[in-house]
Amino acid sequence: GKRYWRHPNAPPGSLSDYPAVTVNDLGSGQAMLVAANVFGDYWTKKHWYLKPAVKQILDLFGVRPVVKTREANISVELNATRDDDALQVHLITFQEMPRTQKTGLIGENPPISGLVLEFAPTAVGEITQVTLEPGGAPLEWERHGDHIAVALPEIQGYRVVEVR
């Protein structure tokens, strides 16, 4: 059967006997069962309210991504890769349009300004250099308690931030 998400908030009423997320103690930790395919639904259907729901699920366990944007931006796709020397953050700008399993991602490439990346210090270690590729333009970084911030110039299309 098909699943449909109709609204971001449950209607008022009593608690359900069938929760969407269940957390149980397991050994010295905890285990979580997510009873809906929120990740797959977000990827294929792009329902706007699934992103904060997934974020809340991850925040519940203190999951800290390697890198994230300081402010949510629906016009940038971010992926991180790593090799022996550096962490690379691949950024693709696009105009949000429906994404389906048949057509993939489609749309324009608008310029984006004011983007700030936040890195988990444990993911990057001691930073010696941050550059914007292609071209190798140096970027400044600052430590802010639980993250390292890198402000980007205006970007458009495909760019890579490399952290060494």
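All values reported here derive from a predicted model rather than from experimental measurement.

Definitions and cut-offs
Residues numbered from 1 in each chain as written. Predicted model: local features only at pLDDT ≥ 70, side-chain atom pairs only at ≥ 80, totals over all residues. Heavy atoms only, no water. Helix = DSSP H or I, 4+ residues; strand = E, 2+ residues; numbered from the N terminus. Buried < 20%, exposed > 50% of the residue type's maximum accessible area, 1.4 Å probe, protein only. Contact = heavy atoms within 4.5 Å. Areas by Shrake-Rupley, 256 points an atom, 1.4 Å probe, with all protein chains shown as cover. Arc of directions from axis to C-beta. Patch = residues over 30% accessible without salt bridge, like charges linked within 9 Å, V, L, I, M, F, W, Y side chains within 5 Å. Salt bridge = Lys/Arg side-chain N within 4 Å of Asp/Glu carboxyl O. Pairing = 2+ DSSP bridges. Axes fitted to C-alpha atoms, helices over the stretch in contact; angles between N-to-C directions. Core = buried A, V, L, I, M, F, W, Y, C linked by side-chain atoms within 4.5 Å.

### A look at the overall build of the chain
Helix and strand counts for the chain come out as three helices and eleven strands. Listing each helix as α and each strand as β along the chain from the N terminus yields β-β-α-α-β-β-β-β-α-β-β-β-β-β. Within the chain, the proportion of its 164 residues that are buried is 28%. Long-range pairs, those at least 24 residues apart, make up 58% of the contacts in the chain with a sequence separation of at least 6. Surface accessibility of the chain: about 11,100 Å² in total, with carbon and sulfur atoms responsible for 55%.

### A look at the side chain of Thr 131
Structurally, Thr 131 is set in strand E7 (residues 130-133). Classification of Thr 131 as buried rests on a relative accessible area of 5%. Other than its neighbours up to four places away in sequence, Thr 131 contacts Gly 136, Ala 137, Pro 138, Leu 139, Val 160, Val 161 and Glu 162.

### Considering helix H2 (residues 50-60)
All of the buried residues in H2 are Leu 50, Val 54 and Ile 57. Axial view of H2: buried residues confined to an arc of 55°, hence all on one face. The exposed residues of H2 that point more than 90 degrees off its buried face are Gln 56 and Leu 60. Of the surrounding elements, those touching the buried residues of H2 are strand E1 (21-26), strand E2 (29-34) and helix H1 (38-45).

### A closer look at the environment of Asn 37
The topology assignment puts Asn 37 in the loop between E2 and H1. Residue class for Asn 37 comes out partly exposed when judged on its relative accessible area of 37%. In the structure, Asn 37 is positioned 17 residues away from Ala 20 in sequence and 9.9 Å away in space, judged by C-alpha atoms.

### What about a nonpolar patch on the surface?
A cluster of nonpolar residues, Val 21, Val 23, Phe 39, Leu 58, Leu 60, Phe 61 and Val 63, forms a patch on the protein surface that exposes about 550 Å² of accessible area. Taken together, the elements giving at least two residues each to the nonpolar patch come down to E1 and H2.

### Topic: the sheet that holds strand E10 (residues 147-151)
Pairing in this open sheet of four strands is antiparallel, and the strands run E3-E6-E10-E9 from one edge to the other. Each edge of the open sheet carries a strand with a single partner, namely strand E3 (67-69) and strand E9 (142-144). Recorded for the sheet is a direction-independent mean angle of 30° between the axes of neighbouring strands. Two strands pair when backbone bridges link them, and E3 and strand E6 (residues 116-119) are joined in this way by three bridges, in the antiparallel orientation. Bridge pairing in E6 places Thr 69 opposite Leu 117.

### With respect to the nonpolar core
Membership of the largest hydrophobic core comes to 20 residues, with the highest contact counts inside it found for Leu 91, Leu 117, Phe 119, Leu 152, Val 161 and Val 163. Of all the elements in the fold, those that place two or more residues in this core are strand E5 (87-93), E6, E7, E10 and strand E11 (158-163). Ranked by residue count, the leading element in this core is E5, at three residues. Excluding residues within four positions of it along the chain, Val 161 makes contact with Leu 87, Gln 88, Val 89, Leu 91, Leu 117, Phe 119, Val 130, Thr 131, Leu 132, Leu 139 and Leu 152.

None of this, on its own, says anything about what the molecule does.
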